[in-house]
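# Summary of structural features
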Amino acid sequence: MLQPSGTPNHHARFIRGVFSAWAAMLLAACTTNSPLAQREPSREVRGTWITTTANTALATPADTANTMRRLREIGLNTVYVEVWKNGYTQYPSEVLRRTVGVDRRPALMPQDPSDRPESLKHPGRDLLQEMLIEAHRNGLITVAWFEYGFMAAHKSSNPHLRDMKAEWLSRDIKGSEIAPNGFVWMNPLHPEARQFLLDLVLEAIDHYDLDGIQLDDRIVWPYLTMGYDNYTRKVYAAEHNGAQPPADHTDPAWMRWRAEKVNEYAKLFVQEVRARRPGLLISLSPAVYPWSWENYLLEWPKWSAWTSADRNPAASPAARTTTPRWDEFIPQVYRFAYPAFEKTWLEQQLHMRSLGADRQSDMLAGIRLVGEGRDATWDELRQSIELVRKTGGGGHVHWFSRGVLDVFPEQLKTFYRGWVAHPRFPQSWRRSSVALFREPGSNQGGSNAWSTRDIPRDANRLIGFDGTRWEYVDEGVVETKAAAKLIVFVDSKYREVELIADRRHDMMRARR
């Protein structure tokens with residue numbers, strides 16, 4: 001995640017004369033005995049991002065299981081699990097294999113700065129399935145976090161994508177493929193790069209029982225200085241009577257032209273995903289505005305106001321009539337002190353109100369707990385969550401899970417006072433899994449019989465624990481019907497067997 005360090009002067013000029021009065025009025029409401037100040041949300045998003053970087057939450061299948069169990073116990077209801085980083089998926093991907101010849105991180109190829117030498121001896125495991133099963137066993141909403149978006153690689157690494165698809169990469173006016181942020185980016189204008197990112201996401205929602213997907217602050221222009229690669233120059237010239245892009249990367253018309261290309265793709269992306277799985281939660285976690293505009297040409301508050309009139313007609317026939325609506329926005333309000341958080345959060349709300357569709361309840365706060373620099377204090381974290389609640393935000397997401405698990409687990413557990421369901425899904429959407437019991441002496445051709453009388457009436461799948469990890473027993477859905485007792489035969493390699501809710505069919509229907 002790109003983490004801005006402060007608020008630029010342009011931002012201060014933009015809100016002068018408007019923000020101060022609005023913020024004062026809102027803060028007054030938050031500190032009085034008004035209904036707004038007293039509101040305790042019965043349902044809110046309580047989430048965290050889970051990454052393989054700088055922690056051991058997912059180091060082994062046992063760690064993954066323990067992480068998801070503890071997050072539920074602490075009181076969280078949502079996990080954003082990293083699935084796409086540094087040129088490789090964290091699940092077997094036919095789209096990736098078709099593009100670069102490997103279906104995930106191969107052995108000996110680093111994917112993360114924290115990769116240990118022993119972990120590189122083996123290819124990447126299917127972390128998406130592993131995290132998904134463990135999260136759903138604990139009733140957690142699971143959002144696949146395509147963290148890198150159009151970002152292909154860190155400058156110090158050379159994954160297959162960077163090496164084999166040089167024509168996809170964005171460049172600055174000197175021809176360098178490394179942006180000022182230290183990363184190599186795919187060109188968000190290149191049609192093959194666009195399709196590749198979309199295909200990665202569509203593949204994941206086709207093959208996994210996901211509750212949502214999220215793009216980070218990398219569905220943007222790679223940086224204000226980028227856009228001088230051959231492909232972009234060609235498209236620009238075709239639309240400007242043969243003229244080349246201005247050498248001044250801050251030229252307003254050149255900035256607007258590039259921004260509109262990102263807007264165009266973002267609309268198409270949402271339409272295609274929504275058409276494929278109407279019930280899926282589609283999330284965006286951008287950098288704060290207007291820093292996001294001044295550095296990456298991203299004006300996400302305006303995206304919240306898109307309606308059917310903003311449809312991209314270039315979408316596939318199945319998606320052409322779909323409205324490009326993002327469900328939630330999680331600006332990364334990463335600040336080192338509460339006063340700075342308060343100021344920035346209120347500014348984001350103002351921009352959502354003035355530039356967007358005033359969708360305050362669809363905006364969550366990305367709150368920094370740990371990372372570079374000092375950790376947050378508990379008092380700063382508590383005040384930040386309370387401010388979001390008091391100002392009508394839809395919840396909060398912690399950056400990142402290490403802070404939840406290792407720094408503030410007891411404080412958060414006490415503060416949350418129990419678990420609440422995600423506001424966008426029914427209470428029982430992801431209930432905890434149901435254990436089956438081994439039928440003594442009953443087997444059938446290498447399979448053992450397992451049974452339960454606690455039969456959920458919705459769609460379910462069988463999962464089994466082989467001593468190392470939980471996995472789906474097969475692709476089928478268990479038909480529970482109205483029997484008093486459910487009996488199934490499962491491969492004898494499994495030591496434990498459970499029923500877990502299956503929502504793939506439900507995702508084919510739009511949610512309210």
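Everything that follows concerns the structure shown earlier in this document.
Below: a short report on this structure. (Residues numbered from 1 in each chain as written. Predicted model: local features only at pLDDT ≥ 70, side-chain atom pairs only at ≥ 80, totals over all residues. Heavy atoms only, no water.)

### As for the overall build of the chain
Defined as follows: Segments assigned H or I by DSSP are reported as helices when at least four residues long, segments assigned E as strands when at least two residues long, and all are numbered from the N terminus. Radius of gyration: C-alpha atoms only; globule rule: 2.2 Å multiplied by the number of residues to the exponent 0.38. Each residue is placed in one exposure class: buried if its accessible area under a 1.4 Å probe, protein chains only, is under 20% of its type's maximum, exposed if it is over 50%, and partly exposed if it falls in between. Here a residue-residue contact requires only that any non-hydrogen atoms of the pair lie within 4.5 Å. In short, Shrake-Rupley with a 1.4 Å probe defines the accessible areas, and a residue's cover is counted only from the protein chains shown. Note that His is not counted, nor are the chain ends; the positive residues are Lys and Arg, and the negative ones are Asp and Glu. The location of each charge is read from NZ of Lys, CZ of Arg, CG of Asp or CD of Glu.
Looking only at helices and strands, one finds 16 helices and 20 strands in the chain. The C-alpha atoms of the chain give 24 Å as radius of gyration, which agrees with the globular expectation for 512 residues (24 Å, within 12%). With the C-alpha coordinates of the chain rotated into their principal frame, the extents come out at 80 × 60 × 45 Å. Looking at the 512 residues of the chain, the share that counts as buried comes to 58%. Intrachain contacts of the chain at a sequence separation of at least 6 include 77% that bridge at least 24 residues. With an accessible surface of roughly 20,500 Å², the chain has 51% of that area assigned to carbon and sulfur atoms. Considering the chain, the positive charge centre built from 66 side chains and the negative charge centre built from 62 side chains are found 3 Å apart.

### Quick word on the pattern of salt bridges
Condition: For salt bridges, the criterion is a side-chain nitrogen of Lys or Arg within 4 Å of an Asp or Glu carboxyl oxygen.
By the definition in use, this model includes 41 salt bridges. Of the charged contacts in the structure, one is a salt bridge between Asp-211 and Arg-430, with a shortest N-O distance of 2.8 Å. Of the two residues, Asp-211 is situated in the loop between α8 (191–207) and β8 (212–215) and Arg-430 in the loop between α16 (409–416) and β14 (434–435); the sequence distance between them amounts to 219 residues. Judged by relative accessible area, Asp-211 falls into the buried class, the value being 0%. Linking Asp-506 and Arg-503 is a salt bridge whose minimum nitrogen-to-oxygen distance equals 2.9 Å.

### Some points on the nonpolar core
Under the convention used in this document: We define the nonpolar core as a collection of buried residues of types Ala, Val, Leu, Ile, Met, Phe, Trp, Tyr and Cys that are connected through side-chain atoms lying within 4.5 Å of one another.
By size, the foremost hydrophobic cluster in this structure holds 130 residues, and its most contacted members are Trp-84, Phe-146, Ile-213 and Trp-326. Residues within four places of Phe-146 in sequence aside, it is in contact with Val-83, Trp-84, Tyr-91, Leu-200, Val-201, Ala-204, Ile-213, Gln-214, Leu-215 and Asp-216. In terms of nonpolar packing, the next biggest core, distinct from the first, is built from 12 residues, Trp-450, Ile-455, Val-490 and Val-497 among them.

### Here's the deal with unusual backbone geometry
Residue Pro-290 is bonded to the preceding Tyr-289 through a cis peptide linkage, with omega at 10°. The amide bond that connects Trp-399 to the next residue, Phe-400, takes the cis arrangement and shows omega of -5°. Tracing the sequence through the fold places Phe-400 in the loop between β13 (395–399) and α15 (401–407). With a phi close to 50°, Asn-86 is a non-glycine residue in the positive phi region. Mapped onto the elements, Asn-86 comes out in the loop between β3 (84–85) and β4 (88–89). At Leu-297, a residue that is not glycine, the phi angle is positive and equals roughly 60°. Mapped onto the elements of the fold, Leu-297 is located in the loop between α11 (291–296) and α12 (300–303). Overall, Leu-297 belongs to the buried group, its relative accessible area being 0%.

### Details of the packing of aromatic side chains
In plain terms, the rule: Ring pairs are drawn from Phe, Tyr and Trp, using the six-membered ring of Trp, whenever the two centres fall within 6.5 Å, and their geometry is named by plane angle: stacked under 30 degrees, edge-to-face over 60, tilted for the rest.
Counted by the stated rule, this structure contains 29 aromatic pairs. With 5.1 Å between their ring centres and 80° between their planes, Tyr-236 and Trp-257 make a pair best called edge-to-face. Residue Tyr-236 is found in helix α9 (residues 230–239), and its partner Trp-257 is found in helix α10 (residues 252–276); the two are separated by 21 residues along the sequence. In terms of burial, Tyr-236 and Trp-257 fall into one category: buried. Here Tyr-334 and Trp-399 contribute two aromatic rings whose centre-to-centre distance is 6.3 Å and whose plane-to-plane angle is 25°, an arrangement assigned as stacked.

### A closer look at the side chain of Thr-232
Within the secondary structure, Thr-232 is located in helix α9. By relative accessible area, Thr-232 is classed as buried at 0%. Once residues within four sequence positions are removed from consideration, Thr-232 is found in contact with Asn-187, Leu-189, Trp-221, Gly-227, Trp-254 and Trp-257.

### Describing the side chain of Asp-502
Here is the rule we go by: In protein, a polar contact requires one atom able to donate a hydrogen and another able to accept it; more generally it is a pair of N or O atoms within 3.5 Å, and residues adjacent in sequence count only if both atoms are side-chain atoms.
Mapped onto the fold, Asp-502 is located in the segment after β20 (496–501). Of the residues examined, Asp-502 reaches a relative accessible area of 3% and is grouped as buried. Within polar-contact distance, the side chain of Asp-502 engages the side chain of Arg-504 at 2.8 Å. Non-local contacts of Asp-502, meaning those with residues more than four positions away in its chain, are made with Asp-209, Ala-459, Asn-460, Arg-461 and Val-477.

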